[in-house]
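Notes for the structure review
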Amino acid sequence: MKQLRLFIVIVLLSLTACSDGVIAPLHRPQELVVITREGPTTFTADANLGEAGFEHDLATMFAEEVGLPIRFIVASDEDEALQKLRKGDAQLAAAWLTPEIDPALPASQPFAESGSIVVTHEASLPVSDVASLNGKTVYVLAGSRQADVLRELKEKAPRLKIQEVHASSPLDLLEGVAHQRYGAVLVDHTAFDIGANFYPELIGDLEVGPDEPISWLFAPGSDVKLKQKADAFIERKLSDGTVERLKDRYFGHVERLDQADIEGFLDRMRNTLPQYRDLFQEAQARTGIDWRLLAALAYQESLWNPQATSTTGVRGMMMLTTETADRLRVSNRLDARQSVLAGARYLAELRDSLPSSVRGPDRLWMAVAAYNLGLGHMNGARSIASSLKVNPDAWYEMKKVLPLLARPDYYHRLKSGKARGGEAVILVENVRIYADILGRHELAWRPMPRRADGNTELAGTPTLNNR
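Conventions we followed
- Residues numbered from 1 in each chain as written.
- Predicted model: local features only at pLDDT ≥ 70, side-chain atom pairs only at ≥ 80, totals over all residues.
- Heavy atoms only, no water.
- Helix = DSSP H or I, 4+ residues; strand = E, 2+ residues; numbered from the N terminus.
- Buried < 20%, exposed > 50% of the residue type's maximum accessible area, 1.4 Å probe, protein only.
- Contact = heavy atoms within 4.5 Å.
- Areas by Shrake-Rupley, 256 points an atom, 1.4 Å probe, with all protein chains shown as cover.
- Core = buried A, V, L, I, M, F, W, Y, C linked by side-chain atoms within 4.5 Å.
- Phe/Tyr/Trp six-rings, centres within 6.5 Å; stacked < 30°, edge-to-face > 60°.
- Axes fitted to C-alpha atoms, helices over the stretch in contact; angles between N-to-C directions.
- Parallel < 35°, antiparallel > 145°, perpendicular 65-115°, else oblique.
- Left-handed = near helix turned anticlockwise from the far one by under 90°.
- Nonpolar A, V, L, I, M, F, W, Y, C, P; charged D, E, K, R; others polar.
- Expected span 1.5 Å × (residues − 1).
- Patch = residues over 30% accessible without salt bridge, like charges linked within 9 Å, V, L, I, M, F, W, Y side chains within 5 Å.
- Salt bridge = Lys/Arg side-chain N within 4 Å of Asp/Glu carboxyl O.
- Lys, Arg positive; Asp, Glu negative; His and termini not counted.
- Charge placed at Lys NZ, Arg CZ, Asp CG, Glu CD.
- 1 Å grid on protein atoms, 1.4 Å probe; cavity = no way out; pocket = protein on both sides within 12 Å on 5 of 7 lines; lining within 4 Å.
- Points joined across faces, edges and corners; volume = space filled by probe spheres on them.
- pLDDT = per-residue confidence, 0-100.

1. Regarding the overall build of the protein chain
Each helix and strand counted, the protein chain has 18 helices and 12 strands in total. Classification of the 467 residues of the protein chain by burial places 52% in the buried group. Across the protein chain, every contact between residues at least 6 apart in sequence was considered, and the portion connecting residues at least 24 apart equals 68%. Surface exposure of the protein chain reaches about 21800 Å², of which carbon and sulfur atoms provide 51%.

2. Examining the nonpolar core
Of all hydrophobic cores here, the largest spans 117 residues; its most connected members are Trp 216, Phe 280 and Trp 304. With 10 residues, the top contributor of residues to this core is helix H18 (residues 421-441).

3. Observations regarding the packing of aromatic side chains
What the rule picks out here adds up to 17 aromatic pairs. Ring centres 6.3 Å apart and planes at 75 degrees place the aromatic pair Trp 96 and Phe 251 in the edge-to-face group. Linking Trp 96 in strand S5 (residues 92-97) with Phe 251 in helix H8 (residues 242-251), this pair joins segments that are 155 residues apart in sequence. With respect to burial, Trp 96 and Phe 251 carry one shared label: buried. Ring geometry for Trp 216 versus Phe 233: centroids 6.3 Å apart, planes at 15 degrees, classification stacked.

4. Considering the environment of Val 340
Looking at the secondary structure, you find Val 340 in helix H13 (residues 336-353). Counting along the chain gives 60 residues from Val 340 to Phe 280, while the straight-line C-alpha distance between them is 6.8 Å. Residues contacting Val 340, with those up to four places away along its chain left out, are Leu 279, Phe 280, Ala 283, Met 317 and Met 318.

5. Focus on the packing of helix H5 (residues 170-178) against helix H6 (residues 189-198)
At a minimum axis separation of 10 Å, H5 and H6 run at an interaxial angle of 50 degrees. Taken together, H5 and H6 sit at an angle that is classed as oblique. For the element pair H5 and H6, the recorded crossing hand is right-handed. Touching Pro 170, Leu 171 and Leu 174 of H5 are Ala 191, Phe 192, Gly 195 and Phe 198, all from H6. Of the residues assigned to the contact of H5 with H6, the class counts are 6 nonpolar, 1 polar and no charged.

6. Let's talk about helix H14 (residues 360-373)
For H14, with 14 residues, the first-to-last C-alpha span of 21 Å sits near the 20 Å given by 1.5 Å per residue. Among the 14 residues that make up H14, 10 are buried, leaving the element largely enclosed by the rest of the structure. Among all positions in H14, only Asp 362, Arg 363, Trp 365, Met 366, Ala 367, Val 368, Ala 369, Ala 370, Tyr 371 and Leu 373 are buried. Buried positions along H14 lie against H8, helix H11 (291-302), H13, helix H15 (375-387), helix H16 (395-401) and H18. Where H14 ends, the next residue or the one after it, Gly 374, has phi of about 100 degrees, a positive value.

7. Some thoughts on a negative patch on the surface
Taken together, the side chains of Glu 122, Asp 258, Asp 261 and Glu 263 define an acidic patch exposed on the protein surface. Counting through the fold element by element, Asp 258 comes out in the loop between H8 and helix H9 (259-271).

8. Here's the deal with empty space enclosed by the protein
Within this structure, the stated rule accounts for 3 cavities of 30 Å³ or more. Roughly 140 Å³ of internal volume is contained in the largest cavity. Lining the largest cavity are 19 residues, and of these Arg 37, Leu 141, Gln 146, Pro 170 and Asp 188 lie nearest its centre. Elements that contribute at least two residues to the lining of the largest cavity include exactly strand S7 (137-141), helix H4 (145-153), H5 and strand S9 (184-188). Top element by residues in the lining of the largest cavity is S9. It accounts for 3 residues. When the residues that make up the lining of the largest cavity are grouped by side-chain class, the tally is 9 nonpolar, 5 polar and 5 charged.

9. What to know about the pattern of salt bridges
In this structure the tally under the stated criterion is 31 salt bridges. Here Asp 102 ties to Arg 86 by a salt bridge, and the two come within 2.8 Å at their closest N and O atoms. Of the two residues, Asp 102 sits in the loop between S5 and strand S6 (112-121) while Arg 86 sits in helix H3 (residues 78-87), which places them 16 residues apart along the sequence. Of the charged contacts, one joins Lys 237 and Asp 240 as a salt bridge, the two residues approaching to 3.9 Å between their closest N and O atoms.

10. Description of the confidence of the model for the protein chain
The predicted coordinates of low-pLDDT regions are not to be read in fine detail. On average, the protein chain scores 86 in pLDDT, and the residues at 70 or more come to 89%. No element of the protein chain has a lower mean pLDDT than helix H1 (residues 2-19), at 41, and none a higher one than H13, at 97.

This is how it looks when you write it as structure tokens:
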């Protein structure tokens with residue numbers, strides 16, 4: 001009986017200790033629970049492409065290193081992410097946060113930095129300095145560090161009006177400026193760099209404050225060893241170039257096009273793409289490649305012009321060579337449907353021909369490069385990469401190697417000979433931007449299940465994209 005009473009006392013004490021706001025240390029977690037939020041620097045979920053994002057990928061690598069399955073909790077905004085972390089709903093938050101946002105939350109070593117910028121519409125008066133914010137209403141994500149920055153600015157611009165908006169992503173604020181619902185917003189600078197590709201009418205008027213470190217934040221009471229492991233992991237990934245490669249994967253292409261390029265693309269997206277959307281979706285149903293990526297490639301090749309012809313003899317929407325068209329049994333390269341379906345099939349063949357060691361989006365970017373160069377030249381470039389002791393499976397490395405195909409001291413070693421590898425790199429980076437823009441403006445699409453006779457239904461349903 002005494003033992004039973006002692007057991008009850010211990011249980012009650014344990015429950016009391018956990019109910020006073022102190023989080024019990026997570027010494028032996030069964031999974032790594034990470035709080036994140038939707039955004040261009042953190043986490044996106046796409047019906048076709050799955051979950052991705054800079055911090056998503058970095059946190060996933062960390063979970064693999066510590067040997068735990070990872071589970072993401074997506075908060076609606078930064079404020080909710082911090083509240084959930086303080087409650088102990090997760091061990092850490094990977095949501096593009098700064099250590100200064102809450103000094104009570106332990107922070108990892110920084111792995112990036114970013115500042116804040118005032119963004120307006122090109123048709124509005126520019127914001128030249130902090131004093132010119134007087135009398136203006138500046139919109140900002142509720143609970144974000146930019147909201148704190150604005151509150152500090154009121155000392156210099158006392159008539160500044162702050163309007164906090166409950167939106168899921170800084171891209172939503174930037175869309176509001178583009179559509180002139182908001183006169184001015186304050187957002188993260190990296191988010192603006194990405195958003196300017198979606199909305200070329202945006203103007204980054206005024207950088208506010210210094211760049212701040214970006215870190216992971218940990219729940220109060222979390223196992224101190226977890227933070228130590230995270231610090232060591234980040235230090236190692238900074239040193240071995242992994243962080244830079246991830247930054248390149250998600251942000252490295254965002255400044256490739258100028259405003260006129262983007263405006264031209266958006267105009268054709270509104271006026272020309274609707275004529276061919278069904279063709280690209282049919283091509284997705286047949287190849288499994290997201291229709292928006294296929295449309296981006298077609299735009300880069302021909303500006304969605306089915307009659308396009310180059311001086312080198314490639315023709316049609318997907319600019320097929322005579323040899324490729326014959327092999328794929330295309331009777332008329334200027335027929336839009338034949339061109340799109342054959343081009344998509346060719347891209348899928350190139351993707352599937354790459355070694356299984358090439359993974360993730362890198363596989364698709366290398367296939368797009370091979371679409372331009374040919375598989376022989378791509379394999380030649382991979383051989384050069386191996387001889388230089390760089391990773392032939394990483395697009396981050398290959399886009400530095402491909403231009404070497406134009407140099408005699410390299411192409412003389414190869415059966416495939418000389419190639420304009422630098423042009424292939426530009427093509428891929430442009431396609432990445434166009435695909436990102438389409439991902440923002442166009443819904444993902446999911447084909448219907450196969451019929452009883454084994455054929456894929458060409459009708460499909462639009463699904464929510466990563467907006």
